[in-house]
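Examining the three-dimensional arrangement
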Amino acid sequence: MLHDIAPHVLSNAYSPRAPQGEDPALCFDPEGVYLKDGGFPTCADYPAGTSFQYLFDYDGSAVFLADRIPMAAQRQPHRALRSLAQPQAFLGGTALHLWDWYRNTRFCGRCGAPMSHSPRERAMICPTCGNSVYPRISPAVIVLIHNGADRLMLAQGKHFVGGFYSCIAGYLEIGESMEQAVRREALEETGLHLTHLQYFGNQPWPFTDTHMVGFFAQADESEPIRLQREELNDARWFSREELPRGPQSIAIASAMIQTWLDRGANLSQEGTDR
Ligand SMILES: [Zn+2]
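What comes next is a walk through the structure. (Residues numbered from 1 in each chain as written. Predicted model: local features only at pLDDT ≥ 70, side-chain atom pairs only at ≥ 80, totals over all residues. Heavy atoms only, no water.)

The buried fraction of strand 11 (residues 138-146) is high, at 7 of 9 residues. Sheet topology places strand 11 next to strand 13 (residues 168-171); 4 bridges connect them, and they run antiparallel. Residue pairing for strand 13: Val 143 is matched across the bridge by Ile 168. Judged from the 2 bridges that link them, strand 11 and strand 12 (residues 151-157) form a sheet pairing that is antiparallel. When the bridges of strand 12 are listed, Ile 145 appears paired with Met 153. (Buried < 20%, exposed > 50% of the residue type's maximum accessible area, 1.4 Å probe, protein only. Helix = DSSP H or I, 4+ residues; strand = E, 2+ residues; numbered from the N terminus. Pairing = 2+ DSSP bridges.)

Okay, structure coming up:
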């Protein structure tokens, strides 16, 4: 999955410090991310006068955001980060998530004053009213629906680039448990009633400011699928021999489908330590 980058380590302990020439430094704009030779620029690639914002540590080096365009770099769509070799996909996605949060937190949502960086933690502070704002992470659930035997129900979302099939997913509503969200999303999008929910694992999905929590669940294959057309192009049952093209390997959905192929629907060997 995206965050499985051992033996490398991304540390989110907030320890800002001065940039050094070889430290990675990313530059984003609404249209894309600037890459150099297919990888991340370093602080030395930026023109004089660039301001750097500390993001996180990677294998003991600090990683920064830059407010200027790096020299001799090419802009790629944000989506290109997902196709980088690991650990760059995870580092780039995490940097994108933080860039998006910083650009949306320039002013206080309570009183409208310009926000300041907290010197102690990853937070933005309003010097006028004291409002503290922490990085926004939106929890979402994703569910692999099986029939208790040898078939999976997979769906093709409207926004799935390239038309692959994957699991049903959606954001938590306020006041809802994850299990309730799983059942609601499946019912809304496919009309299926789920039973036998089992926790699978979870992963950060920074490209959409999301944290994905995965479940397996069972549905009755004889129940009619009623597609939510605003969300899905298609949803249907597949045998393990006829599975369509699935999601990228960095996605938790890919790990869920592979686990089902390897072990069936019984996750008891797996436990929940993922
Ligand atoms: Zn304020």
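Attention now moves to the coordination of the zinc ion. Binding of the zinc ion to the protein goes through Cys 108 (SG), Cys 111 (SG), Cys 126 (SG) and Cys 129 (SG), at separations of 2.3 to 2.4 Å. Coordination at the zinc ion is tetrahedral: its 4 donor atoms span angles of 101 to 118 degrees at the metal. As a motif over one chain, the donors of the zinc ion read C-x2-C-x14-C-x2-C. One end of the pair, Cys 108, is in the loop between helix 1 (88-103) and strand 8 (116-117); the other, Cys 126, is in the loop between strand 9 (124-125) and strand 10 (132-133), with 18 residues separating them in the sequence. With a relative accessible area of 2%, Cys 126 lands in the buried category. (Donors = N, O, S within 2.8 Å, 3.2 Å for Na, K, Ca; no water. Tetrahedral: all angles 85-135°; square planar, octahedral: opposite > 155°, others 65-115°.)

Quick look at the side chain of Arg 184 now. Considering the arrangement of structural elements, one finds Arg 184 in helix 2 (residues 178-190). There is a polar contact of 3.0 Å between the side chain of Arg 184 and the backbone oxygen of Tyr 171. Setting aside anything within four residues of it in sequence, one finds Arg 184 in contact with Tyr 171, Leu 172, Glu 173 and Glu 176. (Polar contact = N/O pair within 3.5 Å; in protein donor to acceptor, adjacent residues only side chain to side chain. Contact = heavy atoms within 4.5 Å.)

Right, let's get into the sheet that holds strand 1 (residues 10-11). Strand-to-strand pairing in sheets goes through backbone hydrogen bonds, with the strands running parallel or antiparallel. Pairing in this open sheet of 4 strands is mixed, and the strands run 1-5-6-2 from one edge to the other. If you trace the sheet from one side to the other, it starts and ends with strand 1 and strand 2 (25-26), each paired once. With 6 bridges joining them, strand 5 (residues 52-58) and strand 6 (residues 61-66) adopt antiparallel strand pairing. Residue pairing in the sheet places Gln 53 in a bridge with Leu 65 of strand 6. The strands touched by helix 1 within the sheet are strand 1, strand 2, strand 5 and strand 6, with strand 5 carrying the most contacts at an inclination of about 145 degrees. (Axes fitted to C-alpha atoms, helices over the stretch in contact; angles between N-to-C directions.)

A separate point is the layout of surface pockets. Estimated volume of the largest pocket: approximately 920 Å³. If you trace the largest pocket, you find 34 residues lining it, with Arg 82, Phe 160, Phe 164, Ala 169 and Trp 205 closest to the centre. Of all the secondary-structure elements, those providing two or more residues to the lining of the largest pocket are strand 11, strand 12, strand 13, helix 2, strand 14 (195-205), strand 15 (210-218) and helix 3 (252-263). Of the residues forming the lining of the largest pocket, the biggest block, 4 residues, is contributed by strand 13. (1 Å grid on protein atoms, 1.4 Å probe; cavity = no way out; pocket = protein on both sides within 12 Å on 5 of 7 lines; lining within 4 Å. Points joined across faces, edges and corners; volume = space filled by probe spheres on them.)

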